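So the chains spell out like this:
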Amino acid sequence: MNFNEHKKDLIAISSLLIIVIAITLILFNIDGKAGVYYVRDVFFYLNNALFYAGYDIGLVNTRGLSPLIPMITSIFFRMGFISDYTIIAVSSSFYIFAALGMYLLLRLRFDEVLSFTGSMILSTFPLVIVWITKGMIDIPGMCLSIWAIYFMILAFRKNTKFLYIAFPLIILGFFARYTVLLTVPALLIQFLLVDDPINYIKTNIKDIIIGMGAGALVFAIFIGIYSYLNIGLFFVSQGNDITNSTYNALVTPNNVYYYIKNFLIYLGTSNFIPYSLKPGAFIVEEMRWVGGYPSIISYILTAILFVGIILYFTKLFSRKNREILKNENKKLKLAIFIIGLIVFLITYLNVSIVLSIAFISISLLALYKWLIKAEMDDFNLDSIMFYWMVINFIFITYYHVKVDRYFMPILPVIAYFVTLSLSLIFDKFKENKHMDKIKIVVPIGLICIILLSIGIATVSNSPHTFDNQMHPNFMTAANEEKAVGAWLVEHDPDYLNKTIWADRGGDMSFILKKQIPSYEKTSDAANFTDEMVKNKVTYFISKDNKTIGEPYVKLYQNGEVYLYYYDK
C-alpha cells in the first residue's frame, strides 16, 4: 500500500480509533465497576452464554434470544473469564468497529475530514454513548448493519464478489439482533436501481448465488447449533409475529409519533450521558424532555440538517435540473409514486408491515427513476441511505413497544445526512478563498465541542443520579449481590443441590451458575413465606429487607442484599 496515497485516511482512521477506544475505556471503567445490575436483559444473555459454555443454566424460553453475542461471550467463559465484565467487553468492541465501518461508508461519498466528522458524530450521539458498555445487543446490531450496507454498496459499485461478505454479514447481524434483517430491503432495492436489473442479475448471477450460498451456510451453522442444543428460535418467531400481524388499536395503542417527538434528545442532551436509560417523552410545546433539555449540540446538528435539506432540494430542483426532468416520462412515474404513497398511508398499521414496506418501496422506486437523471453528486447513494432510514423508521413506529434504543439503527443515516449537509454548506461557499481551511477547522471544531460536551456531562452527572429510580447506590449494588453469592458458595459446598429462590433470579442464576427463579413481584405477599416452605426452599436471596418470617432466618447480609435460610 502506498502510504502517501492513503496518508490522510490513515491519519483520520488512527485519530478516530484513538478517540473511540478512549471513550470505550472510560465508560468501561464506570460500567465495569457497576456491573450490569441495572440492565436486567443482559442477565438473559449472560445466562445464555453460560449455557453455551456448557453449564445447564438459563431459562429455556430465553435461550432462543439473539445468540451471537452470548455465543462469542461463551468462548471467553470457556477460557475462564466468567464475569459480566466479559459481555460488556464483547459488546463494546462492536462500538469501535461501528465507528470504523461508518468512516469507510462515508468515504464512498466524502473526503477524509468529513468522513471522520460523520463517524465521530455517530460515535458521540447520546443514544449511542448510553449503550456502549452496557452489554446489550443494540450496538453490535448497528455495527453489523453498517458493515453489511457498506459491502452491499461496494458489490454494486466495484465488484459483485463483495456479496460474498455482504450476505454472511446480514445473517450474522440477524443472529446478533433480528432487526438487522431490515438491511435486506436496502440490498434488494439496489438491484432495481440499476438501469437494466434483469440483465445485471444475469451477468452477475454466479457471484449472487455464491454470496447467497455463503449467507445460507452461516445460517445453517446457527440453525445446526440450535437444533443440536434443542433451542427454540424465540427471536425469529418474535420477528415473525411483528412482521405478519396487524394492530388492534383498542388492545395495543401505538404512539407512532414517539420517535419524532424524541428526535432532538437523540442528537444531544446532557442528562442522557452516560448513566440515564430512562425512556424519554419530549414536550415540543415547552421544548424540553422529561429527562432534561436538548443540549446546544442537538440544536447545532438539527440546524445543519435543516440547512442541508434546503440546499439539497434547491440543487435537485434547480433550473437546469427542472429542464432535464421536464423531458422525462414523469407522468407515469409520479402517478406510481403518489398512488403508492397514498396506499401506504391508508393501509399503514392496518395490514402486515411487509405489505407496508412493499407499498413504500414501489413509491420511492418510482420517484427515484424520475429523479435519477438530475445532475446530482451520488444521488444513488443518497437514495439508498434515505430508503434504509425509511424502512427502519416504518418498523420501529409500527412496533407498538417504544424504547429509545430501538431508534439506534437510524442513527448512522442521521450521521450520513449531517455529513452531507456540511458538504453542501461548504460547497455553497466554495468561492471563499479560505474555504480549504474552513472545511478543516469547522468539522474539527464541531467534534471538539461535542467531545467537550460529553466530558462535562460525564463529570457533572454522577452515577448516583441514575434517574432517581434505581438502586440508591448502583455502583455497589452488583458487588453486594456477588458478595452474597460468594459467601453462599464458600459456606455451603452443596448449594447446587438446594432449592434457591431470589428477588432477582436472573442475577443470582449467573452468579451461582444455577437456575434460580425470580420472585421480585410476589415476595412481599403475606403468604410468600408459606409458599417457600411448601416448595422446600432452602435459601431466599432478597434485594432489600423483605418481611420474610419464620422458619426463615437472616443468615448473611451485604449492603441491601440479604440471604435467608430455612432453619429446620
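Residues numbered from 1 in each chain as written. Predicted model: local features only at pLDDT ≥ 70, side-chain atom pairs only at ≥ 80, totals over all residues. Heavy atoms only, no water.

**Quick look at the overall build of the protein chain**
1) Next: Within the protein chain one finds 24 helices and six strands.
2) Next: Out of the 568 residues belonging to the protein chain, those deemed buried represent 53%.
3) Next: Of the contacts made within the protein chain by residues no fewer than 6 positions apart, 70% connect residues no fewer than 24 positions apart.
4) Next: When the accessible surface of the protein chain is split by element, carbon and sulfur atoms take 64% of a total near 26000 Å². (Helix = DSSP H or I, 4+ residues; strand = E, 2+ residues; numbered from the N terminus. Buried < 20%, exposed > 50% of the residue type's maximum accessible area, 1.4 Å probe, protein only. Contact = heavy atoms within 4.5 Å. Areas by Shrake-Rupley, 256 points an atom, 1.4 Å probe, with all protein chains shown as cover.)

**Points about the side chain of Ser421**
1) Next: Relative to the elements of secondary structure, Ser421 occurs in helix α20 (residues 411-428).
2) Next: A relative accessible area of 4% places Ser421 in the buried class.
3) Next: Among the polar contacts made by the side chain of Ser421, one reaches the main-chain carbonyl oxygen of Phe417 at a distance of 2.7 Å.
4) Next: Excluding residues within four positions of it along the chain, Ser421 makes contact with Ile304, Leu305, Gly308 and Ile309. (Polar contact = N/O pair within 3.5 Å; in protein donor to acceptor, adjacent residues only side chain to side chain.)

**Some remarks on the layout of surface pockets**
Empty space among the atoms becomes visible once a probe the size of a water molecule is rolled across them.
1) Next: Of the voids in this model, the largest pocket is the one considered here, and its volume is about 1200 Å³.
2) Next: If you go around the largest pocket, you meet 44 residues; those closest to its centre are Phe386, Tyr387, Met389, Val390 and Phe417.
3) Next: Broken down by secondary-structure element, the contributors of at least two residues to the lining of the largest pocket are α9 (183-193), α13 (258-261), α15 (296-316), α17 (330-347), α18 (353-371), α19 (379-398) and α20.
4) Next: Here the element with the most residues in the lining of the largest pocket is α19; it accounts for eleven residues. (1 Å grid on protein atoms, 1.4 Å probe; cavity = no way out; pocket = protein on both sides within 12 Å on 5 of 7 lines; lining within 4 Å. Points joined across faces, edges and corners; volume = space filled by probe spheres on them.)

**Details of α15**
1) Next: For α15, built from 21 residues, the straight-helix expectation of 30 Å at 1.5 Å per residue is met to within 8% by its first-to-last C-alpha distance of 30 Å.
2) Next: Within α15, burial applies to Ile297, Ser298, Leu301, Ile304, Leu305, Gly308, Leu311, Tyr312 and Leu316. Projected down its long axis, α15 shows its buried positions confined to an angular sector of 165°, all on one face. The exposed set on the far side of α15, more than 90 degrees from its buried face, consists of Ile296 and Phe306. (Expected span 1.5 Å × (residues − 1). Arc of directions from axis to C-beta.)

**With respect to the environment of Leu267**
1) Next: Tracing the backbone shows Leu267 in helix α14 (residues 263-267).
2) Next: The exposure class of Leu267 is buried, given its relative accessible area of 2%.
3) Next: Along the sequence, Leu267 and Thr302 sit 35 residues apart, while their C-alpha atoms lie 8.1 Å from each other.
4) Next: When near neighbours in sequence (up to four residues on either side) are disregarded, Leu267 contacts Phe125, Pro126, Ile297, Ser298, Leu301, Thr302 and Ile414.

**With respect to the confidence of the model for the protein chain**
1) Next: Averaged over all residues, the pLDDT of the protein chain equals 85, while 87% of them reach at least 70.
2) Next: Predicted confidence for residues 247-252 stays below pLDDT 50, and this span has seven contacts to residues more than four positions away or in other chains.
3) Next: Within the model, pLDDT remains below 50 along residues 462-470, and this stretch shows 18 contacts once partners closer than five positions in the same chain are excluded. (pLDDT = per-residue confidence, 0-100.)

**Side note on the nonpolar core**
1) Next: Of all hydrophobic cores here, the largest spans 155 residues; its most connected members are Ile121, Leu122, Phe125, Val128, Met385 and Tyr416.
2) Next: If one sorts the elements of this core by residue count, helix α7 (residues 138-157) sits on top with 15 residues.
3) Next: Non-local contacts of Val128, meaning those with residues more than four positions away in its chain, are made with Tyr95, Leu122, Ser123, Ile139, Met142, Met408 and Leu411.
4) Next: Core analysis: the second largest hydrophobic core is formed by 14 residues, Tyr495, Ile500, Leu512 and Ile541 among them. (Core = buried A, V, L, I, M, F, W, Y, C linked by side-chain atoms within 4.5 Å.)

**Some details on the pattern of salt bridges**
1) Next: Under the defined criterion, the tally for this structure stands at 17 salt bridges.
2) Next: A salt bridge links Arg109 to Asp382; the nearest nitrogen and oxygen atoms lie 3.0 Å apart. Note that Arg109 is positioned in the loop between α4 (84-107) and α5 (112-123) and Asp382 in helix α19, a separation of 273 residues in sequence. Each member of the pair Arg109 and Asp382 is classed as buried.
3) Next: With a closest N to O distance of 3.4 Å, Lys315 and Asp377 form a salt bridge. Of this pair, Lys315 sits in helix α15 while Asp377 sits in the loop between α18 and α19, and the two are 62 residues apart along the sequence.
4) Next: What makes Lys315 partly exposed here is its relative accessible area of 27%.
5) Next: Residue Asp377 is classed as partly exposed on the basis of its relative accessible area of 49%.
6) Next: Put simply, Asp41, Asp138, Arg177 and Arg405 are held in one network by salt bridges that share partners. (Salt bridge = Lys/Arg side-chain N within 4 Å of Asp/Glu carboxyl O.)

**Focus: the pairing of strand β6 (residues 561-566)**
Consecutive side chains of a regular strand alternate in pointing toward one face of the sheet and then the other.
1) Next: Taking burial as the measure, the six residues of β6 include five buried ones, the bulk of the element.
2) Next: Taken together, the four bridges between strand β4 (residues 539-542) and β6 define a ladder with antiparallel strand orientation. From the neighbouring strand, Ile541 faces β6, where its bridge partner is Leu563.
3) Next: Relative to β6, strand β5 (residues 552-558) runs antiparallel, the two sharing six bridges. Across the sheet, Lys554 pairs through a bridge with Tyr564, a residue of β6. (Pairing = 2+ DSSP bridges.)

**Considering the environment of Phe28**
1) Next: Topologically, Phe28 is positioned in helix α1 (residues 7-34).
2) Next: Taking the C-alpha atoms as reference, Phe28 lies 8.6 Å from Tyr85; in sequence the two are 57 residues apart.
3) Next: With residues near it in sequence (within four places) discarded, Phe28 still touches Lys33, Tyr85, Ile88, Ala89 and Thr133.

**Remarks on the packing of aromatic side chains**
1) Next: Tallying each qualifying case throughout the model produces 35 aromatic pairs.
2) Next: Each ring, one from Phe344 and one from Tyr348, has its centre 5.3 Å from the other, and the planes form 40°; the classification is tilted.
3) Next: Residues Tyr348 and Tyr398 carry aromatic rings whose centres are separated by 6.0 Å and whose planes lie at 65° to one another, so their mutual orientation is edge-to-face. One end of the pair, Tyr348, is in the loop between α17 and α18; the other, Tyr398, is in helix α19, and 50 residues separate them in sequence.
4) Next: With a relative accessible area of 0%, Tyr398 lands in the buried category.
5) Next: The aromatic ring of Trp131 is capped on one face by Arg405, whose charged end is 5.4 Å from the ring centroid. (Phe/Tyr/Trp six-rings, centres within 6.5 Å; stacked < 30°, edge-to-face > 60°. Lys NZ or Arg CZ within 6 Å of the ring centre and 35° of its normal.)

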